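So the chains spell out like this:
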Amino acid sequence: LAAGFGRAELLARLEGRSSLKNLEPYLFAEEGFPVHGDVVEFHGPEGTGKTEMLYHLIARCILPKSGGGLEVEVMFIDTDYHFDMLRLVTILEHRLAQSTEEMIKQCLGKLFLVNCNSSTQLLLTLYSLENMFCTHPSLCLLVLDSISAFYWIDRSNGGESFNLQEMNLKKCAEFLEKLVREYHLALFATTQTIMQKSTSSAESSFSLKLQHETDTDYRPYLCKSWQQMVTHRIFFSKQSNSGNSKAFSVISCHIQKKHVVKRSFSIAECGVQF
Amino acid sequence: MVYQGLASKFSSLMLFAVVDFVSSDLEDVAQKCSLSYKALVAVRRVLLAQFSAFPANGADLYEELKSSTAILSTGIPSLDKLLDSGLYTGEVTELMGAPGSGKTQVCLSIAASMSLGLKQHVLFLDSTGGFTASRLYQMLQAQAEDEEEQLEALQRVQVTRVFDVYEMLRALQELRDSLSQQVTNQVTRDSSAGPLKPALGRSWSFVPSTRVLLQSKEATWEKTNTQRVASLAKSPRQPTGIQVVLDVGSGGAQELSPVTPTQGL
């Protein structure tokens, strides 16, 4: 091994990545999640708090342990170009007992951001990011906002062939799965509700059961490779009754165990509050 | 020069695009093309460096944003309050409303105020034909006395008429600097009693960070109604539902003031 290689880094890698179990218990139907290897999908129409929830999770990760954080690094892939740094800083300032510029910058030093403007660029970027996961053992969380951003562009570029339309996203999904598995990450990705709720009976029995039980406006449209790798699907919506102080709600589904739970939250200046 | 002649070797293996090459098994390719594995790895590294996006560190990005982000006042204090101080650079703000609700007037007013007051250059992309230089001049005259100032302000406003999507994309491509974008949009309803929502569907609705709905106030039949209600429909910083009242009279969009006879909008 090269002498310049940090001993601490080596130890960290041997010990494995930090646990994300206490990231946000309210978001999950079962206790003890997310674990490494989990793929969590945030699904919902616009204005329902998906990106705010991501800020909440990022803050939780990058804050120091003394500030109630997990002190781990986060990689944020932004395809929507909506990432609002100033909003994240406001949330961090509210959560730190004594927020100085120095401390904010120290937290932000644990966040990595990259913008992609096409599904091809997303795929190539994932390949080149592999190196970062190798060299940063404290990088445990991968966020992709959103994975559905190029859906229509891909469909129009793919011409007549359905396979060709889905190919880039399929490759991205497969490579994401490889990254998550090999580097013990947790992946959070958002998808937008761009399709109307389906009334066709050709849908899979699980999604029908789910819609019936929880009245979610969900119609799967992304490729099968992505659908099959999701371990938790969380539906975001705005509460219809205005009298409720908590304006937003999440319906969290553990895909394998078919366990569903509903929780409400509000968004204040300091971020998400359950 | 090692890389010349590679293209034909690769095409025999169906590696046409950068993506194909980068995702293929290089050991396999090395064997089939009788090339050195090391050379292929080097090519892969170069291609990735050229075509993939580069991650930035949060702390560095924050430093950069602190010095480059600006909040541009619209010149209408009540609208500024709705938008949490004004239009933010790096964001898209959408103004939606039915025909006649005052969208173009508000846009003209903002253009006049930014050009005159903030001395900023404004690019006005007009796809409806609603832009008239004389109306803009009228608004500038109401805001500044000095004719030279008014003419200077006029010069800072650049108008491009675009009538299809490709012209608009071309006009936007020519801009590279950080700017704040404001767009106007029509409204539709799901049903006759449903709430108003922006036209162009769900895929568009995700794009703007901020959305303001313009509506006419209850009309009184005696005089021309120039009052409009602006309500916040979507915002990354403020709770939705806040409303303010604007007057789109001759002096441009202003806060509510005693109604003065207009010279024709």
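Residues numbered from 1 in each chain as written. Chains lettered and ligands numbered in written order. Predicted model: local features only at pLDDT ≥ 70, side-chain atom pairs only at ≥ 80, totals over all residues. Heavy atoms only, no water.

### Here we look at the side chain of T79 of chain A
Residue and element names in this part refer to chain A. Filter applied, for reference: Elements are defined by DSSP. Helices are runs of H or I of four residues or more, strands are runs of E of two residues or more, and each kind is numbered from the N terminus. Whenever a nitrogen or oxygen atom comes within 3.5 Å of another N or O atom, the pair is scored as a polar contact, on the condition that within protein one atom can donate a hydrogen and the other can accept it, and that pairs from neighbouring residues in sequence are kept only if both atoms are in side chains. Any two residues whose heavy atoms approach within 4.5 Å are treated as being in contact.
Within the fold, T79 resides in the loop between β2 (73-78) and α3 (85-95). Within polar-contact distance, the side chain of T79 engages the backbone oxygen of S146 at 2.5 Å. Residue contacts for T79: discarding those within four places in its chain leaves C116, L144, D145, S146, A149 and F150.

### Section: the packing of α3 of chain A against helix α4 (residues 101-108) of chain A
All names here are of chain A. Note the following rule: As a rule, the C-alpha atoms of each element are fitted with a line to give its axis, helices using only the stretch in contact, and angles between N-to-C directions run from 0 to 180 degrees. Should the near helix be turned anticlockwise from the far one by less than a right angle, the crossing is termed left-handed; should it be turned clockwise, right-handed. When residue character is reported, Ala, Val, Leu, Ile, Met, Phe, Trp, Tyr, Cys and Pro are called nonpolar, Asp, Glu, Lys and Arg charged, and the others, Gly included, polar.
Where α3 contacts α4, the axes come no closer than 11 Å and their chain directions differ by 120°. In this structure, the crossing between α3 and α4 has a hand that is right-handed. Residues M85, L88, V89, L92 and E93 of α3 form the contact with α4, whose participating residues are I104, C107 and L108. A per-class count over the contact of α3 with α4 returns 7 nonpolar, no polar and 1 charged.

### A word on the packing of aromatic side chains
Residues and elements named next belong to chain A. Spelled out, the test is: Side-chain rings of Phe, Tyr and Trp, where Trp is taken by its six-membered ring, are said to pair if the distance between their centres is within 6.5 Å; with planes under 30 degrees apart they count as stacked, over 60 as edge-to-face, and otherwise as tilted. Only protein chains enter the accessibility calculation, which uses a 1.4 Å probe. A residue is then buried if its area is under 20% of the maximum for its type, exposed if over 50%, and partly exposed in between.
Applying the stated criterion across every chain, the model contains 14 aromatic pairs over all chains. Considering the side-chain rings of Y151 and W152, the 5.1 Å spacing of their centres and the 70° angle between planes classify their relative orientation as edge-to-face. Given a relative accessible area of 13%, Y151 falls into the buried group. A relative accessible area of 40% means that W152 is categorised as partly exposed.

### Some details on the interface of chain B and chain A
As a reminder, the rule being used: Buried area counts how much accessible surface, traced with a 1.4 Å probe, disappears from two parts once they are put together, with both parts' losses summed. What makes a salt bridge here is a side-chain nitrogen of Lys or Arg within 4 Å of a carboxyl oxygen of Asp or Glu, nothing more.
Taken together, the contact between chain B and chain A spans 34 residues of the former and 39 residues of the latter. Taken together, the two surfaces of chain B and chain A that pack against each other cover about 2,900 Å², and 60% of this comes from carbon and sulfur. Area buried by chain B at its contact with chain A is led by Y62, R202 and F206 of chain B, which between them contribute 26% of it. If you look at where chain B meets chain A, you find 6 salt bridges. We note a salt bridge from K171 of chain A to D20 of chain B, for which the minimum N-O separation is 3.9 Å. Taken together, the links from chain B to chain A amount to 11 residue pairs in polar contact (both at pLDDT 80 or more). Breaking the side of chain B that touches chain A down by element, the ones donating at least two residues are α2 (18-23), α4 (37-51), β1 (56-57), α5 (58-68) and α11 (201-205) of chain B. A total of 7 residues in the side of chain B that touches chain A trace back to one element, the largest contributor, which is α5 of chain B. Its residues assigned to classes, the side of chain B that touches chain A comprises 17 nonpolar, 8 polar and 9 charged.

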